[in-house]
Amino acid sequence: MPLTRRTLLAAAAAFAAAPAPPAFADAEWPTRLVRMISPYGAGGANDISLRIFNAYFERELRQQFIVENKPGAGTRIANEMVAKAAPDGSTFLYVAAPYATAEALFGRLGYERKELVPVAMAVTAPIFLIINAKSDYKTLPELIAYGKAKTDGLTFASPGPGSQPHLAAELLFKTAGVKGLNIPFRGDSASYTELLAGRVDATFTAISSALPHIQAGNFRVLGVASATRSTIYPDAPTLVEQGFPQIVAAGWYGFMAPAATPAPIVAKLESLVLRALDDDAVKQKLRDQGLEASGRSGADFARFIDDETSKWSKVIEEAGLKGQQ
């Protein structure tokens, strides 16, 4: 074709009309620092496990990944921050279980669920039913019978209102047909102090933080609120095994992105997370924090979140918890 003014103008018009490439192509991402937003403060399981993943990401991609801790408001500060972030592959959320219960607990949020897209589920944090080893009750049936015999029922310590340990306790009260009172404290340490002093009857907690007390003979484990026995502490029978199939609860963490993040970037991070969870060193580091690898694709993670939202919204409504947090 001869090179004429008309053909040059046509070529220029076609180039101008072509869609712009995404901020990062799949093969290129990431080309600059990536921020991973944690909804909790430094030093906890969420923060530490995210740093484990970041170290793997940096090793595989030779690019810097940093943790930014944005605690507060039951994880809603971090959720909103990432929901409103530029969808350019530079900001992601390391989401936690309260994401699925926030709307049921608090009502209107500062963001909409559709503004965030699940990338991959990463880990679960099994929670165990713990009592003071010196208590008169030694088994789950005995704990329930004890609660039914008390006018005010059972008292459960939790690391905060609306937390998974709190909601698991509410589900136990409902399922066992026993009165119960949640008493929130700032973290596990304060809960343990009250449990050791005999001022509360029980608590749901991560095994990693309770293990020193268990090994010292101060705490007794009555069970784990998982569908199957935990690989971290397999001696604990599930509550399902003990006749309570409804009581399945755990903390969990995963990765989410601003909804308009280019699909190739989301797919690349999804693949990276799932590969990390196949790495023996990563899995061991997570187990050391009381966490179990629970890799799910973005699509499976989305369905999991929907199921968690439906389940716990019902518990929250029946327990009258909305607006009380």
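Residues numbered from 1 in each chain as written. Predicted model: local features only at pLDDT ≥ 70, side-chain atom pairs only at ≥ 80, totals over all residues. Heavy atoms only, no water.

Going by the annotation in an unreviewed UniProt entry, the name recorded for the protein is Bug family tripartite tricarboxylate transporter substrate binding protein, with Rhodopseudomonas telluris given as the source organism. In its Sequence similarities (unreviewed entry) section, the UniProt record describing the protein reads: "Belongs to the UPF0065 (bug) family." (UniProt positions renumbered as here; feature names shortened; annotations may be inferred.)

Quick look at the overall build of the protein now. Within the protein one finds 11 helices and 10 strands. Dimensions along the principal axes, computed over C-alpha positions, put the protein at roughly 95 × 40 × 30 Å. Among the 325 residues that make up the protein, the fraction classed as buried is 48%. Within the protein, contacts between residues at least 6 apart in sequence are counted, and of these 76% link residues at least 24 apart. Only carbon and sulfur atoms are counted for the fraction: they give 53% of the accessible area of the protein, which is about 15,100 Å². Side-chain charges in the protein split into 33 positive and 32 negative, and the spacing between the mean points of these groups amounts to 3 Å. (Helix = DSSP H or I, 4+ residues; strand = E, 2+ residues; numbered from the N terminus. Buried < 20%, exposed > 50% of the residue type's maximum accessible area, 1.4 Å probe, protein only. Contact = heavy atoms within 4.5 Å. Areas by Shrake-Rupley, 256 points an atom, 1.4 Å probe, with all protein chains shown as cover. Lys, Arg positive; Asp, Glu negative; His and termini not counted. Charge placed at Lys NZ, Arg CZ, Asp CG, Glu CD.)

The subject of this paragraph is the packing of helix α2 (residues 45–61) against helix α9 (residues 263–276). Packing of α2 against α9 leaves a shortest axis separation of 10 Å and a crossing angle of 110 degrees. With respect to each other, α2 and α9 are oriented roughly perpendicular. For the pair α2 and α9, the crossing hand works out as right-handed. Between α2, through F53, Y56, F57, E60 and L61, and α9, the contact on the second element is made entirely by K268, L269, L272, V273, R275 and A276. (Axes fitted to C-alpha atoms, helices over the stretch in contact; angles between N-to-C directions. Parallel < 35°, antiparallel > 145°, perpendicular 65-115°, else oblique. Left-handed = near helix turned anticlockwise from the far one by under 90°.)

This next bit is on the side chain of T91. Along the polypeptide, T91 turns up in strand β3 (residues 91–96). Engagement of the side chain of T91 in a polar contact is seen with the side chain of R35, the distance being 3.0 Å. If sequence neighbours within four positions are ignored, T91 has contacts with R35, I37, V82, A85 and P258. (Polar contact = N/O pair within 3.5 Å; in protein donor to acceptor, adjacent residues only side chain to side chain.)

The subject of this paragraph is the pattern of salt bridges. Side chains that carry opposite charge are capable of pairing whenever their charged atoms lie near each other. As enumerated under the stated definition, the model contains 15 salt bridges in all. Linking E112 and K114 is a salt bridge whose minimum nitrogen-to-oxygen distance equals 3.7 Å. The exposed category is assigned to K114, whose relative accessible area is 63%. By sharing partners, the salt bridges in this structure join R59, E60, R275 and D279 into a single network. (Salt bridge = Lys/Arg side-chain N within 4 Å of Asp/Glu carboxyl O.)

Counted residue by residue, β3 has 6 buried out of 6 residues, so it is predominantly covered. With burial as the criterion, each face of β3 is covered, one bearing T91, L93 and V95 and the other bearing F92, Y94 and A96. As paired elements, strand β1 (residues 34–38) and β3 share 3 bridges and run parallel to each other. Looking across to β3, one finds that R35 is bridged to T91. Relative to strand β9 (residues 250–258), β3 runs antiparallel, the two being bridged by 4 bridges. The residue bridging L93 from the neighbouring strand is M256, located in β9. (Pairing = 2+ DSSP bridges.)

Below, the discussion takes up the packing of aromatic side chains. Inspection of the entire model under this criterion finds 18 aromatic pairs. Between W252 and F301, the aromatic rings sit 5.7 Å apart at their centres with planes inclined by 90 degrees, giving edge-to-face as the arrangement. Linking W252 in strand β9 with F301 in helix α11 (residues 298–318), this pair joins segments that are 49 residues apart in sequence. The buried category is assigned to F301, whose relative accessible area is 0%. Here the aromatic cluster, defined as three or more aromatic residues joined through ring pairs, consists of W29, F53, F57, F65, F92, Y94, Y253 and F255. Here the basic side chain of R76 rests over the ring of F106, its NZ or CZ set 3.5 Å away from the ring centre. (Phe/Tyr/Trp six-rings, centres within 6.5 Å; stacked < 30°, edge-to-face > 60°. Lys NZ or Arg CZ within 6 Å of the ring centre and 35° of its normal.)

Before going further, it helps to examine the pairing of strand β4 (residues 116–132). Among the 17 residues in β4, 16 count as buried, and that is most of the element. Pairing of β4 with β9 involves 9 bridges; the strand directions are antiparallel. Across the sheet, residue M121 finds its bridge partner in β9, namely G254. The pairing of β4 with strand β10 (residues 292–297) spans 4 bridges and is antiparallel. Along β10, the bridge assignment pairs T124 with E292. Sheet analysis places β4 next to strand β7 (residues 202–206), joined by 4 bridges and oriented antiparallel. Residue pairing for β7: F128 is matched across the bridge by T205. The pairing of β4 with strand β8 (residues 219–224) spans 5 bridges and is classified as antiparallel. Each bridged residue has a counterpart across the sheet, and for I130 the counterpart in β8 is V221.

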